[in-house]
Amino acid sequence: MDKAIEIRNLNYSYPDGTAALCDINLDVFAGECVGLIGPNGAGKSTLLLHLNGILRGDSQVKVLDLAIKDKNLPVIRSKVGLVFQDPDNQLFMPTVYDDVAFGPINMRLSKDEVDLSVKRALVEVDMSSAIKRSPQHLSFGEKKRISLATVLSMKPEILALDEPSSNLDPKHRRELISLLQTLKQTKIIATHDLQLVLEICSRVVLLDKGSIICDGKTRDVLSNKKLLDDHSL
Amino acid sequence: MRHSFIDAHSNIESILRYIDPRIKIITFILFILFIILTPANSLGAFGLYLVIILALALLSKIPFYFILKKSLTVIPFVLMIALFAIVSKDTDKFLNIFIKAYLAVLCMILLVSSTPFAVLLKALERLRFPKLMVMIISFMYRYIFVIEDELDKMKMAKESRSCARSKWLENKALANILGVLFIRSYERAEAVYLAMCSRGFDGEIRTLDDFKIELKDLAFIVCVLVSLALIRFVFI
């Protein structure tokens, strides 16, 4: 199988010196859905930020066989769709349309292609009716869905999602899970929602204090009660 | 939705709403120029200008009381400037400033409230208004409600825990809240910037151009300008 993500010896400390990630080695294969779990402050979000070169630790990170270098960044950022936890950070344009179009326009697609990909992405998340609205007039669940559309419109090969189900009510959460199940991309999902992991991830990586504690099949990891207890899950 | 005061009436289906926003901006700016460049003593002209504004307001289907209410908020500022004229005992000048400013404000209110804010921003961008300014206004429009929400939440959290009943302590707490609000906004700005970078931001925001100037837009600007010119140069 092709490796979608290859991380070797990744170390990262915050500017103030606190170590955030130490010696991470991780391979994610094309088409896999990996759940990234761990207690608060384990480094899940920080790890995601390395996947498209927003943060660059001292390491080798390869995405779809492209090393993370300035030269490759535009391509990598169109291949890796990173969705942040807070939809108010993800959606920054005055209308939904402009927001979903932001990525495709930066990819220098033609006007018709941009228009088509925006509409297609909104259909995928079932939010076509919101196309002309402003993000501040949307409910939280709608904002989460559209956050996903803002990267789907770039046709990424990898989706890196930070807490996709947080703060959603049960109904919207279920809808989101079935939506994620329909997406064929390679997925890496940082979350506390173990039920979600169980339903859509084939593999789980457990992160604590910046290190990978355990990497294995979802059922095996999630059925190990002691392991989960030890790491506040 | 309590976050709708900016766009309260901008989605009313009306003729004015669907005039190309670039044409609309140009028309209203020229309108204001006409108002400013009309001699102070031609009260008749100002009356006729007001008639045109009222006609446009009718076309926009925006309730009159809304326009009136909005215009009231500007009056104190206009009065303050006009006061200088009173101090110099020049009542003509006072009337001049007051009438011109009020008419100009009515024009602007009509323009802004008959156009969705996002469309207005896009039109400014297409009219080569400095990109940085458009970007700043656009972020302000997007985040002012988010920040307001954060402030409300913090205030509520403060209320729930304050039992001091001392005005001084209250004020102190409020000052702290403002400080925290500033830091949070700063942090949010960083997070938003990262989200922008993740989607290929390279220093310039681009949007799609979907404006089209049609016959009705040209007819609109010609009609308004011709009537203004008639008032200005023929009747008066």
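Residues numbered from 1 in each chain as written. Chains lettered and ligands numbered in written order. Predicted model: local features only at pLDDT ≥ 70, side-chain atom pairs only at ≥ 80, totals over all residues.

This paragraph deals with the domain arrangement of chain B. Residue and element names in this part refer to chain B. Segmenting chain B into domains produces domain 1 (2-125 + 211-235) and domain 2 (130-198). Measuring from the centre of the C-alpha atoms in domain 1 to the corresponding centre in domain 2 gives 33 Å. In this assembly, six residues from domain 1 lie in contact with six residues from domain 2. For the side of domain 1 that touches domain 2, the class distribution of residues is four nonpolar, one polar and one charged. (Domains from an automatic or database assignment. Contact = placed C-beta atoms within 7 Å. Nonpolar A, V, L, I, M, F, W, Y, C, P; charged D, E, K, R; others polar.)

Counting residues at the interface gives 32 residues for chain A, matched by 27 residues for chain B. Here the residues of the side of chain A that touches chain B are counted per class, giving 15 nonpolar, eleven polar and six charged.

One ladder, built from six bridges, connects strand 9 (residues 203-208) of chain A with strand 10 (residues 211-217) of chain A; its direction is antiparallel. Residue pairing in the sheet places Val-204 of chain A in a bridge with Gly-216 of chain A of strand 10 of chain A. (Pairing = 2+ DSSP bridges. Helix = DSSP H or I, 4+ residues; strand = E, 2+ residues; numbered from the N terminus.)

Residues and elements named next belong to chain A. Ordered by their spatial adjacency, six strands build an open sheet running 6-7-8-3-9-10, and the pairing between neighbours is mixed. Across the chains shown, the open sheet's two edge strands, defined by having one partner strand only, are strand 6 (80-83) and strand 10. Looking at each pair of strands side by side, their axes are set apart by 15 degrees on average, direction ignored. The pairing of strand 3 (residues 33-37) with strand 8 (residues 186-190) spans four bridges and is classified as parallel. Within strand 8, the position partnered with Leu-36 by the bridge is Ala-190. Strand contacts of helix 6 (residues 140-152): strand 6 and strand 7 (158-162), with the helix running at about 160 degrees to strand 6, the strand carrying the most contacts. (Axes fitted to C-alpha atoms, helices over the stretch in contact; angles between N-to-C directions.)

Spatially, 2-1-4-5 (chain A) is the arrangement adopted by the four strands of the open sheet, whose pairing is antiparallel. A single partner strand is all that each edge strand has here, and the edge strands are strand 2 (19-29) and strand 5 (66-67) of chain A.

One finds Leu-36, Val-100, Ala-149 and Ala-160 of chain A to be the most contacted residues of the largest nonpolar core, which totals 68 residues. Looking at which element gives the most residues to this core, the answer is helix 4 (residues 96-106) of chain A, with six residues. Filtering out sequence-adjacent residues up to four positions away, Ala-149 of chain A remains in contact with Val-100, Ala-121, Leu-122, Glu-124, Val-125 and Met-127 of chain A. Core analysis: the second largest hydrophobic core is formed by 26 residues, Leu-16, Ile-23, Phe-28 and Val-105 of chain B among them. (Core = buried A, V, L, I, M, F, W, Y, C linked by C-beta atoms within 7 Å. Buried ≥ 20, exposed ≤ 12 C-beta atoms within 10 Å, placed from the backbone.)

This part is about the confidence of the model for chain A. Should the pLDDT be low somewhere, the predicted coordinates at that spot are not to be read in detail. Residues with a pLDDT of 70 or more make up 100% of chain A, whose mean pLDDT is 90. By mean pLDDT, strand 4 (residues 58-63) of chain A is the weakest element of chain A at 83, and strand 8 of chain A is the strongest at 94. (pLDDT = per-residue confidence, 0-100.)

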